[in-house]
Amino acid sequence: MAELIETYACAPTTERGRGILISGDPKSDSILYTNNRSVVIRSLANPLQASVYGEHSHPVTVARFSPNGEWVASADVSGVVRVWGTRGDRALKNEFRPLSGRIDDLQWSPDGQRIVVSGDGRGKSFVRAFMWDTGTTIGEFDGHSRRVLSCAFKPTRPFRIVTCGEDFLVNFYEGPPFKFKLSSREHSNFVNCVRFSPDGTKFITVSSDKKGLIYDGKTGDKIGELSSENGHTGSIYALSWSPDSKHVLTVSADKTAKIWEISEDGNGKVTKTLTPPGIGGFEDMLIGCLWQNSKLLTVSLGGLFNLYPEPDKDPITFSGHMKSVSSLCCVNGEESGNEIPVLSASYDGVIVRWIPGSGFAGRVLRNENSQIKCFLVSDGEIITSAYDNKVWRVPLNGNSCGDAESIDIGTQAKDLSLWPARKLLLVGTDSGVTLLKDFKPLSVAKLGFAVTALAVSPDATEVVVGGQDGKLRVFAIEEGVLKEQAVVEKHRGAITVVKYSPDGAMFASADTNREAVVWDRVTREVKLKNMLYHTARINCLAWSPDSRLIATGSLDTTVIIYELERNASQRVTIKGAHLGGVYGLTFVGADRLVSAGEDACVRVWKIGSE
C-alpha cells in the first residue's frame, strides 16, 4: 500500500494586469485558489495539508466556499459553475452554465441559497444570479457593456448586488429578484474588485486608476474614498475586509500591500504598509489578498504566497509551480537534518527546492531563465536542456546559481545522462549520442536512429540507448567512443525512459506502449516480467536506493511500485496520483517516493508492503 503523507501544492495561475481571487473559510482556516483545471484547498494552519479537485473540463478561474463551509462553487473559462461538497468524495451537487464566456468572479448569498457570477458574456449577459439548487435565474442585470471583473453580494438583509468591470462602471442592484438601481462612473480605469464589509454597511471598489472608493452598502451612494496620502502608486488589484469591518487590506502592482482604517464617515487612511519578500522584478507585483481571522495573505504575480500570522509579524513564505512539473531530482550531499532536498523543474524554467517534512524551501534563481525539458542535478551543478540546441550547466549554491555555461550540440537534446566521477555527460539526439567531458565535446556517435532515452552505468563502462524503434542497444564506452555490444528487443513502442539500478546490477526501461521491463545487466535477460499494468504511455521511472523497488509513472495518472522479489501482479498502485499524468519520480529513502506531474503538484508517498 501507499500512503500520501505530504502534498506540495501548485501556485495559483496568474496573469499580468489581472487580479486573482482567493477565497477562505474562517471555520476550517482553509483557502481556495485555482490552477489550470484544478481547485486547490489548502490549510493556512499547515500549508502542507492540501487537496485538489480536478473535475472541471476547462481551466478554472474562481472558487468560493459556501457560508457554512460545506460546499464549494467553482467556475471556469467556459462559463460552467460546479457546486460540490468539501468532504469525502467531493460529491457533485449541481452543474450550471450561467454565462456563455469566462467567469471572473463568483459570490454566495449569506444564506447560501443564491450565487451571483460575473465575467465575459460574449455579447450576452455579463452578470447572472441564480438559485444554487435549481439554477433558476433571479433578476436581470443590465447596465454593463464590457467584461465584468468582480461582483459582491451584500452579507446582510436587505440583499444587494454590486458589480464592476472594464467599462469603468460600478452598478448597484436591489432584490431579489434583482433589478438595476443605479450606476457610478467615478473610476477612470478598469474597476478590478468590489467587496462588501462583513457587517454590510459599506462596500469598496478598487481600480487600475490607483483609487479606492467607499460606498454606502444599503443605498449604493458614494460616501468617501481611500486617502491618496501614502496610497498605492500602481494599479490596485484586490481588497479584503477585516472580520470587524474596520480595516481593509489592498494589494497593488507597486509590490506593496496596505492596511487601511475605515472611519465611520466613510474615508480610509493607511495605517501600515507591507512589502512582502519576493524574487525580484515584475513578478513581485501583488495581485491577490485575503484577511481571514487574524491572518493576512498576499499573492504575487510570480505565485508567491506571503502569510502574515498577524499584521505586525514577519510573513511565512510558500509557493509552488504554476506549470506542469517535468522533472524531479534529489540533491544528495545537501541533507537538511536527516532529509534529502528535492528539486523539481517545470517546463517554463522554474526550479523549486523542497525539503520533505517542511515543504517549500525557496525557488532556485538562475540568471539564464531558459525553458527546461531535461534536468539533472549532481555535485553542486544543474544541467538542463530545452527545445533549442543548447545544453546548460549552472553552478548551484543553495537557492542561488552562478554564471550559466552553455554548449551548442547542433540539434535538440532528447535525454541526458551523467557519470559524475569522470564528469562524463551523454546527450541523446535525433541522430545519435554526443559525449561531453568536463562540458567540452569529446565525441559524437552517429547511430543512424533517433535516440529517445539513454542511461550510463554507475561504473561508466557502458550505456544503454533506447530508440524510436523500440529497441535497446548496449554500448561499451572505450576512450570516449561508443562501441555496440548488444541489441535487446522486447518493447513494442518507442522507449521513453531508461535507468540503471543504484547497485549497477540491473537496468529498467519503459515505452509508449505502457510496458516496463527490468533487465539483468550481465545476461541481458528479463528480470521482472509482465509489467503491463498501465493504460497509457509510461513517462518516468525511479529506483529505490537499495535497488529493491522500482516505480513507474504514466500518462494514465497512476504510479505503480513493483518489488523485484515478488511477482509483478503483487504491485502497489496509486491511482489518480496526478491529474493529467505523472512526469517525475524519485525516491528519498527506501520507502518514500516523491512524484510530480501535469497538475503542477509534488507529492510524497510512504510505501508499505501489501
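Preceding this paragraph is the structure being described.
The following refers to the structure shown. (Residues numbered from 1 in each chain as written. Predicted model: local features only at pLDDT ≥ 70, side-chain atom pairs only at ≥ 80, totals over all residues. Heavy atoms only, no water.)

## Considering the nonpolar core
Grouped together as the largest cluster of nonpolar side chains are 39 residues, with contacts concentrated most on Ile22, Ile31, Tyr33, Leu297, Phe305, Val594 and Val602. Looking at this core, the elements with two or more residues in it are strand 3 (30-35), strand 25 (286-292), strand 26 (295-300), strand 27 (305-308), strand 29 (325-330), strand 31 (351-355), strand 55 (592-597) and strand 56 (602-607). When residues of this core are assigned to their parent elements, the largest contribution, three residues, is made by strand 29. Apart from the residues lying within four places of it in its own chain, the contact partners of Tyr33 are Ala9, Cys10, Ala11, Pro12, Ile22, Ser38, Val39, Val40, Arg42 and Phe305. (Core = buried A, V, L, I, M, F, W, Y, C linked by side-chain atoms within 4.5 Å. Buried < 20%, exposed > 50% of the residue type's maximum accessible area, 1.4 Å probe, protein only. Helix = DSSP H or I, 4+ residues; strand = E, 2+ residues; numbered from the N terminus. Contact = heavy atoms within 4.5 Å.)

## Side note on the layout of surface pockets
The calculated volume of the second largest pocket comes to roughly 930 Å³. If you go around the second largest pocket, you meet 34 residues; those closest to its centre are Gly24, Arg64, Gln107, Phe196 and Pro198. Counting residues per element, the ones that place at least two in the lining of the second largest pocket are strand 2 (23-25), strand 6 (60-65), strand 10 (103-108), strand 13 (148-153), strand 17 (191-196), strand 21 (236-241) and strand 25. Grouping the constituent residues of the lining of the second largest pocket by class yields 21 nonpolar, 10 polar and three charged. (1 Å grid on protein atoms, 1.4 Å probe; cavity = no way out; pocket = protein on both sides within 12 Å on 5 of 7 lines; lining within 4 Å. Points joined across faces, edges and corners; volume = space filled by probe spheres on them. Nonpolar A, V, L, I, M, F, W, Y, C, P; charged D, E, K, R; others polar.)

## Digging into the packing of aromatic side chains
For the structure shown, the criterion picks out 19 aromatic pairs. Aromatic pair Phe153 and Phe178: ring centres 5.6 Å apart, planes at 90°, arrangement edge-to-face. Of the two residues, Phe153 is situated in strand 13 and Phe178 in the loop between strand 15 (170-174) and strand 16 (179-184); the sequence distance between them amounts to 25 residues. The exposure classification of Phe153 matches that of Phe178, with both residues buried. An aromatic cluster of at least three residues, connected via ring pairs, comprises Phe141, Phe153, Phe159, Tyr173, Phe178 and Phe180. (Phe/Tyr/Trp six-rings, centres within 6.5 Å; stacked < 30°, edge-to-face > 60°.)

## Examining unusual backbone geometry
For the peptide bond that leads from Gly175 to Pro176, omega is -5°, which places it in the cis range. Residue placement: Pro176 occurs in the loop between strand 15 and strand 16. Here the amide bond leading from Pro176 into Pro177 is cis, since omega sits at -10°, within 30 degrees of zero. The residue Pro177 is located in the loop between strand 15 and strand 16 in this model. Even without glycine at this site, Arg90 takes up a positive phi of about 55°. Structurally, the position occupied by Arg90 is in the loop between strand 8 (81-85) and strand 9 (92-96).

## Section: the pairing of strand 7 (residues 71-76)
Strand 7 sits mainly inside the fold: five of its six residues count as buried. Linkage of strand 7 to strand 8, two consecutive antiparallel strands, is achieved through a turn of four residues, within which Gly79 is found at a positive phi near 90°. (Pairing = 2+ DSSP bridges.)

So yeah, pure geometry; function would need other evidence.
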